[in-house]
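Next come the chains, spelled out residue by residue.
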Amino acid sequence: FLCGKQLTAADIIWAPFLERYAAQALLIYAGQEVEPRSNAYEALKEWYEAMEALVPCYSCRVQGDKTSWGNLLIAAVQNNLVPNVKLLPVRGKRIPTDRKGFNANAVWKQYRENKPY
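Description of the structure in this document. (Residues numbered from 1 in each chain as written. Predicted model: local features only at pLDDT ≥ 70, side-chain atom pairs only at ≥ 80, totals over all residues. Heavy atoms only, no water.)

### So, the overall build of the protein chain
Next, step 1: A count of helices and strands for the protein chain gives five helices and zero strands.
Next, step 2: Ordered by position from N to C terminus, the α and β elements of the protein chain give α-α-α-α-α.
Next, step 3: Contacts spanning at least 24 positions in sequence make up 68% of the contacts within the protein chain whose residues lie at least 6 apart.
Next, step 4: Put simply, the protein chain shows about 8000 Å² of open surface, and 56% of that area lies on carbon and sulfur atoms. (Helix = DSSP H or I, 4+ residues; strand = E, 2+ residues; numbered from the N terminus. Contact = heavy atoms within 4.5 Å. Areas by Shrake-Rupley, 256 points an atom, 1.4 Å probe, with all protein chains shown as cover.)

### Observations regarding the layout of surface pockets
Over the atoms rolls a probe the size of a water molecule, and its path tells where empty space is left.
Next, step 1: Approximately 280 Å³ is the volume attributed to the largest pocket.
Next, step 2: Counting only elements with at least two residues in the lining of the largest pocket, the list comes to α2 (42-54) and α5 (104-112).
Next, step 3: Sorting elements by how many residues they give to the lining of the largest pocket places α5 first, with three residues. (1 Å grid on protein atoms, 1.4 Å probe; cavity = no way out; pocket = protein on both sides within 12 Å on 5 of 7 lines; lining within 4 Å. Points joined across faces, edges and corners; volume = space filled by probe spheres on them.)

### Topic: the nonpolar core
Next, step 1: In terms of nonpolar packing, the biggest core is built from eight residues, these being Ala15, Leu18, Ala22, Trp47, Tyr48, Met51, Val55 and Tyr58.
Next, step 2: Of all the secondary structure elements, the ones that give two or more residues to this core are α1 (9-28) and α2.
Next, step 3: Each residue touching Tyr58, except ones within four places of it in the same chain, is listed here: Ala15, Glu19, Arg37, Tyr48, Met51, Glu52 and Gln63. (Core = buried A, V, L, I, M, F, W, Y, C linked by side-chain atoms within 4.5 Å. Buried < 20%, exposed > 50% of the residue type's maximum accessible area, 1.4 Å probe, protein only.)

### A word on the environment of Glu35
Next, step 1: When you line up the elements, Glu35 lands in the loop between α1 and α2.
Next, step 2: Taking the C-alpha atoms as reference points, Glu35 and Ala25, separated by 10 residues in sequence, lie 7.6 Å from one another.

So this is what it looks like as structure tokens:
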């Protein structure tokens, strides 16, 4: 996680921003490897994997998908909410939201097992 081995407020606060970045960076930056979930950014990739595996509210709700995050940016540009941005064609791997074998109830159960509340 961002501040050590435990989930903190920093992870919760940064999750939506990093999720958007993962999808939208590929629409803005050309000629660079900007896929945050790649081995080029090992620490960030590990953060995404930890959030997906250990934090139910992230993997079940916040994570979203690349298409939706990309569409938000496209709509913002089309409505002149983001000035002076020329978008690139969609590229990169799709963030899977229909993950085979993913069981949200099992993730929540594992999360609450050791919680005193």
